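# Structural description and commentary
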Amino acid sequence: MTAAALSELVDLERIIELGARHLDVRVIREVNVLDRRFPIHAITLGNPSPAVPAVGFFGGIHGLERIGAEVVIAYLGSLVTRLQWDATLHRQLESVRLVFMPLVNPGGMWLGTRANPNGVDLMRNAPVEGTGGVPYLLGGQRISARLPWYRGPVDAPMEAENLAVCQLVEEELLARDFSIALDCHSGFGIHDRIWFPYAHTVKPIAHLPEIHALRAIFDSTHPNHRYIFEPQSRQYLTHGDLWDHLYQRACAEPGRTFLPLTLELGSWLWIKKNPRQLFSRRGMFNPLVEHRRQRVLRRQMAWLDFLTRAVCSHARWIPSEALRQDHLTRALDLWYGGPKP
Ligand SMILES: [Zn+2]
């Protein structure tokens, strides 16, 4: 089997070729698995000026959750196709930077593991310690790479895949005053969820009013959407969350807004409709029936495109100082059980 046998990578490279005229493509790092080498691609398009806002789309951090990578690749594919005929998209790209890293953990995907080839769970590997109530094992452990949710050795640098994400986020997203990241996963629950930080503590983030305002425009624009918007801490706490880490890095610069979101596609419904999936490792995290897979991909496009528009037009919906308090009160009420002292 060659590296080209990773079908998501084949799809991505085909799209890169098709959009070559409009895309900046770099291989940020390469990862070795046995005798194979896989690239971690970063693809950017739109206005490179640091004066415009940016949105980043990430997928494939957990190698088993292929549908997350497919969602990001499908969106990039649709943009590349539209660039051939859609003048409004060309105008939109004058005022926004789009950033893609659809296959963060190609080695894990090739091996069919959640972790990277070193056995490290990339979502437990950042230098962030959970506070209180982190579940045993699931929240991240340093006992063994043979067990799931392994954080990596204590005091070691982050894994190459995470360093690639950090580099791209720092260069392309944190270099700007306003940016959003969306990281696409699957496997938790029946509903599709949109999670925002924190994962390491039940405390709210400083940009809770901005998150609430984003949700408000999404609710009003797509009134029949079925996503559950919530802080990840409402479901479970973890050590080592990469987006908590990057959010905290972003907050070191006053006046900068970076909103990292996670799309967690609910896979349990696919299993309920097709219980045989329970017996397949792939089936626990991905829709196996083709029409269901297509429906998942189709449904998510509106959400990804909404984010691009929201980033482009953030000046029109980011709450003013006067409105922040109102959003904060409502957000605390909605997600944190009322006002906090
Ligand atoms: Zn995941």
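This one's a predicted model, so the numbers in the text were calculated from it and none came from an experiment. (Residues numbered from 1 in each chain as written. Predicted model: local features only at pLDDT ≥ 70, side-chain atom pairs only at ≥ 80, totals over all residues. Heavy atoms only, no water.)

Our next topic: the overall build of the protein chain. Across its full length, the protein chain carries 11 helices and eight strands. Here the C-alpha radius of gyration of the protein chain, 19 Å, is about what a compact globule of 341 residues would show, namely 20 Å. C-alpha extents for the protein chain along the principal axes are approximately 60 × 50 × 45 Å. Counted over contacts in the protein chain with a minimum sequence separation of 6, partners at least 24 positions apart contribute 79%. On the protein chain, roughly 15,000 Å² of surface is accessible, and the fraction owed to carbon and sulfur atoms is 54%. Of the side-chain charges in the protein chain, 38 are positive and 34 negative, and the distance between the mean point of each set is 6 Å. (Helix = DSSP H or I, 4+ residues; strand = E, 2+ residues; numbered from the N terminus. Rg over C-alpha atoms; globule rule 2.2 N^0.38 Å. Contact = heavy atoms within 4.5 Å. Areas by Shrake-Rupley, 256 points an atom, 1.4 Å probe, with all protein chains shown as cover. Lys, Arg positive; Asp, Glu negative; His and termini not counted. Charge placed at Lys NZ, Arg CZ, Asp CG, Glu CD.)

In this section: the nonpolar core. Phe58, Phe100, Met101, Leu261, Trp303 and Leu307 are the most contacted members of the largest nonpolar core, which has 92 residues in total. When sequence neighbours within four positions are dropped, the list of residues in contact with Leu307 reads Val55, Phe57, Ile180, Leu182, Leu214 and Leu261. (Core = buried A, V, L, I, M, F, W, Y, C linked by side-chain atoms within 4.5 Å. Buried < 20%, exposed > 50% of the residue type's maximum accessible area, 1.4 Å probe, protein only.)

Let us look at the pattern of salt bridges. If the charged atoms of two oppositely charged side chains come close together, the side chains can form a pair. Under the definition given, this model contains 23 salt bridges. The salt bridge partner of Glu230 is Arg234, with a shortest N-O separation of 3.6 Å. Judged by its relative accessible area of 3%, Glu230 falls in the buried class. Of the residues examined, Arg234 reaches a relative accessible area of 46% and is grouped as partly exposed. For Glu253, the salt bridge identified is with Arg256, shortest N-O distance 3.9 Å. When salt bridges with common partners are traced through the structure, they connect Asp24, Arg97, Glu172 and Arg176 into a single cluster. (Salt bridge = Lys/Arg side-chain N within 4 Å of Asp/Glu carboxyl O.)

With that settled, consider the layout of surface pockets. Here the largest pocket is characterised by a volume of approximately 630 Å³. When residues of the lining of the second largest pocket are traced back to their parent elements, those giving at least two are helix H8 (268-273) and helix H9 (290-312). With seven residues, H9 is the single largest residue contributor to the lining of the second largest pocket. Residues of the lining of the second largest pocket, tallied by class, amount to nine nonpolar, five polar and six charged. (1 Å grid on protein atoms, 1.4 Å probe; cavity = no way out; pocket = protein on both sides within 12 Å on 5 of 7 lines; lining within 4 Å. Points joined across faces, edges and corners; volume = space filled by probe spheres on them. Nonpolar A, V, L, I, M, F, W, Y, C, P; charged D, E, K, R; others polar.)

Let us now look at the coordination of the zinc ion. Six octahedral donors around a metal ideally make angles of 90 or 180 degrees; four tetrahedral donors ideally make 109.5 degrees. The protein atoms donating to the zinc ion are His62 (ND1), Glu65 (OE), Glu65 (OE) and His185 (ND1), with metal-donor distances spanning 2.0 to 2.5 Å. The coordination sphere of the zinc ion comprises four donor atoms, whose angles at the metal cover 56 to 150°; the geometry is irregular. Written as a sequence motif, the donor residues of the zinc ion are H-x2-E-x119-H. On the criterion of sequence distance, the pair formed by His62 in the loop between strand S3 (54-59) and helix H2 (66-82) and His185 in strand S5 (residues 178-186) is long-range, its members being 123 residues apart. Overall, the relative accessible area of 3% leaves His185 in the buried class. (Donors = N, O, S within 2.8 Å, 3.2 Å for Na, K, Ca; no water. Tetrahedral: all angles 85-135°; square planar, octahedral: opposite > 155°, others 65-115°.)

Here we take up H2. In a regular helix each residue adds 1.5 Å, so 17 residues correspond to 24 Å; H2 covers 24 Å between its end C-alpha atoms and thus fits that length. Here H2 lies mainly inside the structure; 14 of its 17 residues are buried. (Expected span 1.5 Å × (residues − 1).)

Next up on the list: the environment of Glu129. Considering the arrangement of structural elements, one finds Glu129 in the loop between helix H4 (106-111) and helix H5 (160-173). Assessed through its relative accessible area of 47%, Glu129 is described here as partly exposed. Separated by 116 residues in the primary sequence, Glu129 and His245 have C-alpha atoms spaced 9.8 Å apart. At 2.8 Å, the side chain of Glu129 forms a polar contact with the side chain of Arg151. (Polar contact = N/O pair within 3.5 Å; in protein donor to acceptor, adjacent residues only side chain to side chain.)

Next up on the list: the packing of aromatic side chains. Throughout the structure, instances matching the rule amount to 15 aromatic pairs. Ring plane angle 70° and centroid distance 5.2 Å describe the contact between Phe57 and Tyr75, whose orientation is recorded as edge-to-face. Taken together, the residues span a long stretch of sequence, with Phe57 in strand S3 and Tyr75 in helix H2 at a distance of 18 residues. In this structure Phe57 comes out as buried when scored by relative accessible area, which is 0%. The exposure class assigned to Tyr75 is buried, which follows from its relative accessible area of 1%. Between the aromatic rings of Phe218 and Trp303, the centroid separation amounts to 4.9 Å while the plane-to-plane angle is 65°, which identifies the pairing as edge-to-face. Remark: Trp303 occurs in helix H9 and Phe218 occurs in helix H6 (residues 208-221); sequence separation between them is 85 residues. Taking relative accessible area as the criterion, Trp303 reaches 1% and is therefore assigned buried. Chaining the aromatic ring pairs together yields one cluster made of Phe218, Tyr227, Phe229, Trp303 and Phe306. (Phe/Tyr/Trp six-rings, centres within 6.5 Å; stacked < 30°, edge-to-face > 60°.)

Here the focus is a positive patch on the surface. Together, Arg226, Lys272, Lys273, Arg298 and Arg299 line one region of the surface with positive charge. Looking at the positive patch, the elements with two or more residues in it are H8 and H9. Given the relative accessible area of 58%, Lys272 is considered exposed. (Patch = residues over 30% accessible without salt bridge, like charges linked within 9 Å, V, L, I, M, F, W, Y side chains within 5 Å.)

This part is about the sheet that holds strand S1 (residues 24-33). Strand pairing within a sheet occurs via backbone hydrogen bonds; the two strands may be parallel or antiparallel. Strands sit in the order S1-S2-S4-S3-S5-S8-S6-S7 across an open sheet of eight strands; the sheet is mixed. Of all the strands in the sheet, just S1 and strand S7 (228-231) have a single pairing partner and so form its edges. Neighbour-to-neighbour, the strand axes of the sheet open up by a mean angle of 20°, direction not taken into account. Examined bridge by bridge, S5 and strand S8 (residues 257-265) share nine bridges and lie parallel to one another. Across the sheet, Phe178 pairs through a bridge with Thr257, a residue of S8. (Pairing = 2+ DSSP bridges. Axes fitted to C-alpha atoms, helices over the stretch in contact; angles between N-to-C directions.)

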